[in-house]
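Overview (structure and organization)
Take a look at the letters that make up each chain.
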Amino acid sequence: MTSLDTLTARQIAAGIAAGDFTATEVAHAALDAISARDASTQAFLQVSENLALEAAAKTDAARAAGESLPPLAGVPVAFKDNMNLLGTRTTCASRMLETYESAYTATCVQRMLDAGATPLGKLNMDEFAFGSTTDSSAFHPTNNPWDITRVPGGSSGGSAAAVASGQVTLALGSDTGGSIRQPASLCGVVGMKPSYGAVSRYGVVAFGSSLDQAGPLGRSVEDVALAMNALTAGGRDRLDATSQNCAQDHLAHLEDPIEGRAVGIIPALLEAEGLASEVRTAILDAADKLASAGAHIVEVDLPNMASSIAAYYVLAPCEAFSNLARFDGVRYGYQEPRCTTLAEQSSLSRAHGFGPEAKRRQMLGAYLLSSGVYEKYYLAAQKVRTLITADYQRAFAQVDAILMPASPTVAWEHGAISDPAALYLADVFTISNNIAGNCGISVPVCLGADSGLPIGAQLQGPAFADAQLLTFARALERACHMEGIVAPAFAGKGGELA
Amino acid sequence: MRKLSEVLHDWEAVIGLEVHTELTTLETKMFCGCRLSHDDPPNTNVCPICLGMPGALPVPNRKAIEYIVMAGIATNCEVMRRSMFYRKHYFYPDMAKNFQTTQGPVAFVMHGHLDLEIAGDGAKERPDGTIEKAIDGSYVAPIRILRIHMEEDAAKMVHVGGAEGRIGGASESLIDYNRCGTPLIELVTEPDLRTPEEARRFMEKLRQTFLTLGISDCSLEKGSMRCDGNVSLRRRGESGLGTKTELKNLNSFKSLHDALAYEICRQAEVLEAGGTVLQETRHWEPSRKRTVVMRVKETNDDYRFFPDPDLAPFDLSDEFIERCRARVPELPDTKRDRYVATWGLKRSDAAKLAGDPAVARRFEDASHGVKPQAVPMLANVMLNLVPAYKALTLLQITSITELLAADALSFSQARKVLEAVDGTGKMPLAVARDWGMLQSNDTEALAAVVDEVLGRCEAQVQQYRDGNKKVVGFLVGQCMKASKGAGNPKVFNQLLVQKLEG
């Protein structure tokens, strides 16, 4: 008896190719794990059993016909619910889109399917990706598999929780200000935010178009690298004018030594107020481990990083206001019944379709873009963006990667932080990366000395050095022995391959 | 209200135009691959992108950017090296995303000009001394162009059950998204126009230019070319600007002229009575020949403009700009000058031919089929005969031209012949011969007719001898009648004079 918990993506694809088990058996095992585990994690918004079994049957038929199988053949994967997949609803965890059926399939989702993955369903998130707890989902919160009284982080909390609890091998999330890396850190999985433009945004419901990037979460760097291969295969997406050709083999240099390479740390950042001491210790320990692997640890500075939160909470709400303007109840989505005028219909549909955080961000954006205000804030924020990008360029002239936390603390209890501004400040380690368009990854390094909960170390790399960043992530992973771990409360519950 | 010419004697009108042109000759929409066609059944040329479905992203139509750069080059604009798209927000279902993708402070092309030549009665509308130079009694008005920017058109809405098709009071509103996302260029002039005639000429010239470029079918009637006018008055000699009104529904050249003329006279009346002109948008009612208030503009709408993050800034390369420049064909003014220089056409005839690219092309094709000295007659035929018929062939046109140039047919005979050959492929020469129409230059035969006429018109012969030389015209007419139109009137004239003087 083999459990899906113990298999990497590569082992699943290889097992199917070798005839050890079929893709259909893998799909059933994943469905079994979901039914055994998701009652307590509540990571899924929809389980796409039919799509999963159809895809698995196709994989099995291809094998039976003697065709060579694609790299993610039969690998169970699920998608954040802001990604369109034909045959599923795309709700963005909002009443506004509660019944919205995807009209097409997002490029990143399609590329995972083209790589042979089996789609298990759609995952919970903060409403329209506004948040870092997944508690703002209009439907239900998601629980952290390491302690179900705690948040999984967010906004891709469903993606992190589904992977950490072993319900799927890989998941896709999206990251506008840390929404892949922070939940990965809180749930003890690997989560990568690729460089802006590396993965097509077509079909991922937009939050902040200049910041959004879809990326993979998995239980090992290797699984994430395999997903990166799938996501970038085929090169630039001609449906996304901001996408770039980043097709390459992200596995080719994964095991390369990092001896003699330079990794930056920012000492001032590790003294930041609100940084938990167990997290600080974990990051310093991670630096030691990289040093033991032969890397030079170099102190660098990002002097304008302190302004990144202010800049982000101008730029992101402005773009969100604009991107969410289309949800007006006219063509699709929630439509307020019994309205007598057009203005009433769109304003009431929006008033009752959106939750409080979605409204807060849109109102902020509407204010910040109004004439007279725009010049003062939006243009100032764009200047800060230029400064932060220049800071990174100077730093990356010295080092290949920068090491820092992904979250100032381990996972906190549901409802423990209710002040939105306090939640915004917790994004301090992740958002400058989105502002600059660089790549970043969170790798689990240990369980916290005080809390016993997972802590991730974040590595950031220059734009379009995604493969190189994975090499550093793999080096850290080798030294930490945290790969492939399913949260203990869930390991072995269902998910057996017959 | 006073007459326009009187009003313009006391007041100077300051007019600016905003002209929207759909790039109808493109195959696809501005930001998606949907087919450009407004004639298809409603909501058939749509996709997730132009319907603003969640997650869809725009991809710019490169050909549309070529077209706007060509339009800029043809109107003497500067091509901006870097420009970008902005989002303009307003909540209305005709814009699926609730924002329109348009351009910001920097447009693809900016700071150009078109020189207008105003002749005839139009010149009388401008009594001031701003006329730069006069050619043949006409004057040249240089009109600056502020910018031409690129944007996407909105969907078409039909309001059912309300008054005058407006949304107020309508029981339901239907939306056809086929038009949504159609590439649209908006040209904004500086307020350099001074008379309704200049505004009309500007629109005509712009239309001729865009037709020549082949970037649009430029139909004012169908709305693929639309124009709004801004007009204000100031006392002659003053330099400040008065309060302007914006005029809508100017969907023909006549409407543009008449609405501006009406509005100038209306504003003058208000000002002369001691009133003030309100800044408002006014709707032209062609049937009642007046403008009525649509809405008063008290505040500027806040469209929350910001750069579209889905579309990177455009950096146009020299190579791209030169490729666009090479695609700009010979423009109407250059063509006109060439016609005058090559064939000695009248400047006004040459301008008319050059103004319509389809006519110009036919004219030039036909010019190869006639003798060089017959080309001015060909111009005459193209302008005054050809438009009246459905389907004349090139050979029919050259044949009738040669007959007219050789004085073998009169214009009225030519019309009858063309009517008979139109759409048949029959040759005019053959038909005219069959009908015995060919005007004879046979002096001997015609002399007999002249003798017969002189014999029975003694009174007129006497009048001529008494000094009334004009009477020869009557005698030519009698000869034409006697010959059933077959004689050449010029030859009759010569023979008559010879005999009368002799």
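Because the structure is a prediction, the values reported are computed rather than measured. (Residues numbered from 1 in each chain as written. Chains lettered and ligands numbered in written order. Predicted model: local features only at pLDDT ≥ 70, side-chain atom pairs only at ≥ 80, totals over all residues. Heavy atoms only, no water.)

Of the regular secondary structure elements, chain B holds 17 helices and 17 strands. Pairs at least 24 residues apart make up 70% of the contacts formed inside chain B by residues separated by at least 6 positions. In chain B, 65 positive and 69 negative side-chain charges are present, and the distance between their average locations comes to 2 Å. (Helix = DSSP H or I, 4+ residues; strand = E, 2+ residues; numbered from the N terminus. Contact = heavy atoms within 4.5 Å. Lys, Arg positive; Asp, Glu negative; His and termini not counted. Charge placed at Lys NZ, Arg CZ, Asp CG, Glu CD.)

Attention now moves to the side chain of Ser210(A). Examined against the element boundaries, Ser210(A) turns out to sit in the loop between β6 (190–193) and β7 (213–218). Polar contacts involving the side chain of Ser210(A) include one to the side chain of Glu319(A), which spans 2.6 Å. In this structure the side chain of Ser210(A) is engaged in a polar contact, spanning 2.9 Å, whose partner is the side chain of Arg385(A). Apart from the residues lying within four places of it in its own chain, the contact partners of Ser210(A) are Tyr196(A), Glu319(A), Arg385(A), Asn434(A) and Pro309(B). (Polar contact = N/O pair within 3.5 Å; in protein donor to acceptor, adjacent residues only side chain to side chain.)

Residue and element names in this part refer to chain B. Within strand β5 (residues 99–103), 5 of the 5 residues are buried, which leaves it mostly tucked inside the rest of the structure. Pairing analysis gives 5 bridges linking strand β4 (residues 85–89) to β5, with the strands arranged antiparallel. When the sheet's bridge partners are listed, Phe 85 is paired in β5 with Gln 103. (Buried < 20%, exposed > 50% of the residue type's maximum accessible area, 1.4 Å probe, protein only. Pairing = 2+ DSSP bridges.)

Bringing a nonpolar patch on the surface into the picture now. All names here are of chain B. Taken together, the side chains of Val 158, Val 160 and Leu 174 present a nonpolar region at the surface, about 220 Å² in accessible area. Mapped onto the secondary structure, Val 158 falls in strand β9 (residues 156–160). Among the residues examined, Val 158 registers a relative accessible area of 42% and is labelled partly exposed. (Patch = residues over 30% accessible without salt bridge, like charges linked within 9 Å, V, L, I, M, F, W, Y side chains within 5 Å. Areas by Shrake-Rupley, 256 points an atom, 1.4 Å probe, with all protein chains shown as cover. Salt bridge = Lys/Arg side-chain N within 4 Å of Asp/Glu carboxyl O.)

Here we take up the packing of aromatic side chains. Following the criterion strictly, the structure yields 22 aromatic pairs over all chains and no others. With 5.7 Å between their ring centres and 65° between their planes, Phe128(A) and Phe354(A) make a pair best called edge-to-face. You can see Phe128(A) sitting in the loop between β4 (118–123) and α5 (157–164) and its partner Phe354(A) sitting in the loop between α11 (342–353) and α12 (356–368), a full 226 residues away along the chain. Overall, the relative accessible area of 6% leaves Phe354(A) in the buried class. Taking the centre distance of 6.1 Å and the plane angle of 80° together, the rings of Tyr303(B) and Phe305(B) count as edge-to-face. Look at Tyr303(B) and you get partly exposed, because its relative accessible area is 24%. When the ring centre of Tyr303(B) is taken as reference, the NZ or CZ atom of Lys88(B) above it lies at 4.4 Å. (Phe/Tyr/Trp six-rings, centres within 6.5 Å; stacked < 30°, edge-to-face > 60°. Lys NZ or Arg CZ within 6 Å of the ring centre and 35° of its normal.)

Tallying the contact residues gives 33 residues for chain B and 38 residues for chain A. For the pairing of chain B and chain A, the buried interface totals around 2,800 Å² over both sides, and the portion due to carbon and sulfur atoms is 61%. The largest per-residue losses of area from chain B upon contact with chain A belong to Pro54(B), Leu57(B) and Arg304(B), which jointly make up 22% of the total buried on that side. Summed over the shared surface of chain B and chain A, the number is 1 salt bridge. (Buried area = accessible area lost by both parts, 1.4 Å probe.)

Below, the discussion takes up the nonpolar core. Residues Met112(A), Leu403(A) and Leu459(A) are the most contacted members of the largest nonpolar core, which totals 171 residues. Here the element with the most residues in this core is helix α10 (residues 308–323) of chain A; it accounts for 10 residues. Among residues more than four places away in sequence, those in contact with Leu459(A) are Val263(A), Leu290(A), Ala401(A), Ile402(A), Leu403(A), Cys439(A), Gly440(A), Ile441(A), Leu469(A), Phe472(A), Ala473(A) and Leu476(A). By size, the runner-up hydrophobic cluster in this structure holds 72 residues, among which are Val109(B), Phe210(B), Leu233(B) and Phe320(B). (Core = buried A, V, L, I, M, F, W, Y, C linked by side-chain atoms within 4.5 Å.)

Residue and element names in this part refer to chain B. Taking 1.5 Å per residue as the helical rise, helix α14 (residues 443–456) with its 14 residues ought to reach 20 Å, and the 20 Å between its terminal C-alpha atoms agrees with that figure. Among the residues making up α14, those that are buried are Leu 446, Ala 447, Val 449, Val 450, Val 453 and Leu 454. Along the long axis of α14, the arc covered by the buried residues comes to 160°, so they all point the same way. In this structure, the buried residues of α14 make contact with α15 (458–465), α16 (472–482) and α17 (489–501). (Expected span 1.5 Å × (residues − 1). Arc of directions from axis to C-beta.)

Attention now goes to the sheet that holds strand β2 (residues 44–47) of chain A. All names here are of chain A. Spatial ordering of the open sheet is given by β2-β4-β3-β5-β7-β6-β11-β12-β10-β8-β9, a layout of 11 strands whose pairing is mixed. Every interior strand has two partners, whereas the edge strands, β2 and β9 (296–299), have only one. Geometrically, the sheet is characterised by an average inter-axis angle of 30° between neighbouring strands, direction not taken into account. Where strand β3 (residues 76–80) and strand β5 (residues 170–175) come together, 3 bridges link them in parallel fashion. Counted as the bridge partner of Phe 79 is Leu 172 from β5. Packing of helix α16 (residues 466–480) onto the sheet brings it into contact with β6, β8 (262–265), β10 (401–405), β11 (439–447) and β12 (454–461), and relative to β11 it is tilted by some 5°. (Axes fitted to C-alpha atoms, helices over the stretch in contact; angles between N-to-C directions.)

So, about the environment of Trp11(B). Residues and elements named next belong to chain B. Mapping Trp 11 onto the fold places it in strand β1 (residues 11–22). You can call Trp 11 buried: its relative accessible area is 6%. Considered as a pair, Trp 11 and Arg 235 are 224 residues apart in the sequence and their alpha carbons are 4.6 Å apart. The residues contacting Trp 11, other than those within four sequence positions of it, are Arg 2, Leu 233, Arg 234, Arg 235, Arg 236, Ala 268, Leu 271 and Glu 272. Polar side-chain contacts of Trp 11 include one of 2.7 Å to the side chain of Glu 272.

Residue and element names in this part refer to chain B. Counting buried residues along β4, 4 of its 5 residues qualify, which places the element largely inside the surrounding structure. Of the strand pairs in this sheet, β4 and strand β16 (residues 306–307) are connected by 2 bridges, and their pairing is antiparallel. Counterpart to Arg 87 in the pairing with β16 is Phe 306.

Moving on, we come to the packing of helix α2 (residues 23–41) of chain A against helix α3 (residues 49–64) of chain A. Residues and elements named next belong to chain A. Closest axis-to-axis distance for the α2/α3 pair is 7 Å, and the angle between their directions is 155°. Classified by the angle between their axes, α2 and α3 sit roughly antiparallel to one another. Contacts from Ala 23, Thr 24, Ala 27, His 28 and Leu 31 in α2 reach Glu 49, Ala 52, Leu 53, Ala 56, Ala 57, Thr 59 and Asp 60 in α3. For the contact of α2 with α3, the residue count by class is 7 nonpolar, 3 polar and 2 charged. (Parallel < 35°, antiparallel > 145°, perpendicular 65-115°, else oblique. Nonpolar A, V, L, I, M, F, W, Y, C, P; charged D, E, K, R; others polar.)

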